[in-house]
Amino acid sequence: MAACAIRRGLLSTASKYNQHKCTHRILSAIDFSGGLDPRRTQPLCSACRLSSFQQTRFMSSRNRPEGKILEPVGVFEALKQHGKYETGQLFLHSVFGYRGIVLFPWHARLYDRDVSPAAPTDSKPDSTAHGSKEVKGKMHTYYQVLIDTRDCPHISQRSQTEAVTFLANHDDSRALYAIPGLDYVSHEDILPYNSTEQVPIQHELFERFLMFNPSRNPPFTARDTLRAWQEKNHPWLELSDVHRETTENIRVTVIPFYMGMREAQNSHVYWWRYCIRLENLGNEVVQLRERHWRIFSLSGTLETVRGRGVVGKEPVLSREQPAFQYSSHVSLQAPSGHMWGTFCFERTDGSHFDVRIPPFSLESNKYDKAPPTGYPL
């Protein structure tokens, strides 16, 4: 039986794809004006009733009652239960549904408070550090990936178009530049597939970083430009710690990245980027209303930040769109510190509840090289 790879999360059915031979992907619903509305996407598995030996690919008509477009993707592969995916592996993101390709893997320490004894609940900075004795990190594989630019418009309601940001290569400590369409993906987020296309992913870096090699599996190998770029920018690309905690079925995952140091007004300013994913693991519809951060610096300062939503949005998390992801930045006048806090969510009945943000440390690299280089133009 053929499989429909649907834009919404596929975690509950991912294990079934090992036996499927034909892969299709619903891009979006089409409204009467001809525009795309990703919020109306719904499962359409009944359209894929092909036997496993059929290799036919098809696309649905625009005048179908369901109003969906099906785009052929490729053939699903078996999930890797052990080991890691290699450079050049094509995949669908199991939560956000976009097409992507693996550039290279990272090994990170995952601090999961859902499976470890809880840390103390008081608000003292030293009791909320990620390295507290009660929480032990477990090694886990994450991947640096390219996102297919065709899918970015369809995930905008559930995620920023992820990018890796760097400090600019000059003295302005607040200036940043970004490489769009790069994401960090956990091993379990990957639904691997293969394709006969020589350029299956549309991204300006795809052919600069990867080349087609039909004798290899996967058939895309790293160019020297990718290896050189990874080596030069290793300190700013590498993720070392991941923090995760669930409150009332809302799971918060935080990945901090050290970006470097700048001098400003005769003092040093240290910069970090942090990526946050919010996931609704339950059936109740909730909406993020407020954020409350506490930021402790090794210099002895404790800052409190409150505000509406995140990155100008107040995302709704439901069964249809269970996750939202975004990135932000923070700076300290010290080489290390800690962050923790809460997100305030609202239920459909108007009641509110707080979701804990797992405490995490902000650590500067032991070495501080020159600013990272750009990517090939």
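Trainee: What am I meant to see in the overall build of the protein chain here?
Mentor: From N to C terminus, the protein chain includes three helices and 22 strands. For the protein chain, the proportion of its 377 residues judged to be buried stands at 54%. Intrachain contacts of the protein chain at a sequence separation of at least 6 include 67% that bridge at least 24 residues. A total of about 17,900 Å² of accessible surface is found on the protein chain, and carbon and sulfur atoms cover 49% of it.

Trainee: Help me understand unusual backbone geometry, please; the structure alone is not making it clear to me.
Mentor: Most peptide bonds are trans, and most residues other than glycine sit at a negative phi. The omega torsion of the bond from Asn 217 to Pro 218 falls at 0°, within 30 degrees of zero and hence cis. If you trace the backbone, Pro 218 turns up in the loop between β12 (210-212) and β13 (220-222). In this structure, Asn 249 is a non-glycine residue whose phi angle is positive, near 70°. Take Asn 249: it is sitting in the loop between β14 (241-247) and β15 (250-264). Despite not being glycine, Val 311 shows a phi value in the positive range, around 40°. With respect to the helices, strands and loops of the structure, Val 311 is situated in the loop between β18 (302-308) and β19 (316-317). For Val 311, a relative accessible area of 38% translates into the label partly exposed.

Trainee: Any chance you could explain the confidence of the model for the protein chain here in plain terms?
Mentor: For residues with low pLDDT, the predicted coordinates do not support detailed interpretation. Overall, the predicted model of the protein chain reaches an average pLDDT of 76, with 67% of residues at or above 70. Mean pLDDT across the elements of the protein chain bottoms out in strand β3 (residues 36-37) (30) and peaks in strand β21 (residues 336-347) (97).

Trainee: What exactly am I supposed to notice about the pairing of strand β5 (residues 90-93) here?
Mentor: Two faces, one strand: in a regular strand the side chains alternate between the faces of the sheet. The side-chain alternation of β5 yields two buried faces, one formed by Leu 90 and Leu 92 and the other by Phe 91 and His 93. Where β5 lies against strand β6 (residues 99-112), three bridges are found, and the strand directions are antiparallel. Across the sheet, residue Leu 90 finds its bridge partner in β6, namely Ile 101. Bridge count for β5 against strand β11 (residues 190-194) is four bridges, and the pairing is antiparallel. The residue of β11 that forms the bridge with Phe 91 is Pro 192.

Trainee: Help me understand the pairing of strand β22 (residues 352-363), please; the structure alone is not making it clear to me.
Mentor: Pairing between β21 and β22: ten bridges, direction antiparallel. Its bridge partner lying in β22, Ser 336 is registered against Glu 363. Hairpin geometry of β21 and β22 is characterised by an intervening segment of four residues between the two adjacent antiparallel strands and by a positive phi of about 95° at Gly 350.

Trainee: Please explain the nonpolar core as it appears in this structure.
Mentor: What tends to happen in soluble globular proteins is that the nonpolar side chains get buried as a cluster. One finds Tyr 98, Ile 101, Leu 103, Leu 226, Trp 229 and Leu 239 to be the most contacted residues of the largest nonpolar core, which totals 47 residues. Considering every element that reaches this core, the biggest residue donor is β6, with seven residues. Beyond its immediate chain neighbours, meaning those up to four positions away, Leu 103 contacts Thr 87, Gln 144, Val 145, Leu 146, Leu 182, Phe 209, Leu 210 and Leu 226. Within the second largest apolar cluster, 27 residues are counted, among which are Val 254, Leu 288, Leu 332 and Val 355.

Trainee: Got a minute to help me understand the packing of aromatic side chains in this structure?
Mentor: Two aromatic rings are characterised by how far apart their centres lie and by the angle between their planes. A complete count under the given rule lists 14 aromatic pairs for this structure. Relative to Phe 360, the ring of Trp 293 has its centre 6.1 Å away and its plane inclined at 90°; by these criteria the two rings are edge-to-face. Remark: Phe 360 occurs in strand β22 and Trp 293 occurs in strand β17 (residues 286-297); sequence separation between them is 67 residues. The pair Trp 293 / Phe 360 is uniform in exposure class, with both members buried.

Trainee: Quick question: what am I supposed to make of the pattern of salt bridges here?
Mentor: Evaluated as defined, the whole model comprises 16 salt bridges. Here Asp 148 makes a salt bridge to Arg 99, at a shortest N to O gap of 4.0 Å. With Asp 148 in the loop between β7 (138-147) and β8 (163-167) and Arg 99 in strand β6, the pair connects residues that are 49 residues apart, well separated along the chain. Here Asp 148 matches Arg 99 in class, with each residue buried. The salt bridge partner of Asp 189 is Arg 277, with a shortest N-O separation of 2.7 Å. Separated by 88 residues along the polypeptide, Asp 189 in the loop between β10 (182-186) and β11 and Arg 277 in strand β16 (residues 267-280) bring together distant segments of the chain. For Arg 277, a relative accessible area of 10% gives the class buried. Shared partners join several salt bridges into a network, and the residues in it are Arg 99, Asp 148, Arg 150 and Asp 151.

Trainee: Honestly, the environment of Pro 219 in this entry has me stumped. Any pointers?
Mentor: Note that Pro 219 resides in the loop between β12 and β13. Given a relative accessible area of 17%, Pro 219 falls into the buried group. The sequence separation of Pro 219 and Gln 89 amounts to 130 residues, and the corresponding C-alpha distance is 8.2 Å. Not counting residues within four places of it along the chain, the set of residues in contact with Pro 219 comprises Met 211, Phe 212, Asn 213 and Pro 214.

Trainee: Teacher, can you tell me more about the environment of Gly 88 here?
Mentor: Following the sequence through the fold, Gly 88 ends up in the loop between β4 (68-76) and β5. Along the backbone, Gly 88 and Val 145 are 57 residues apart, and their C-alpha atoms lie at a distance of 9.3 Å.

Here is what the cut-offs are and how they apply
Residues numbered from 1 in each chain as written. Predicted model: local features only at pLDDT ≥ 70, side-chain atom pairs only at ≥ 80, totals over all residues. Heavy atoms only, no water. Helix = DSSP H or I, 4+ residues; strand = E, 2+ residues; numbered from the N terminus. Buried < 20%, exposed > 50% of the residue type's maximum accessible area, 1.4 Å probe, protein only. Contact = heavy atoms within 4.5 Å. Areas by Shrake-Rupley, 256 points an atom, 1.4 Å probe, with all protein chains shown as cover. pLDDT = per-residue confidence, 0-100. Pairing = 2+ DSSP bridges. Core = buried A, V, L, I, M, F, W, Y, C linked by side-chain atoms within 4.5 Å. Phe/Tyr/Trp six-rings, centres within 6.5 Å; stacked < 30°, edge-to-face > 60°. Salt bridge = Lys/Arg side-chain N within 4 Å of Asp/Glu carboxyl O.

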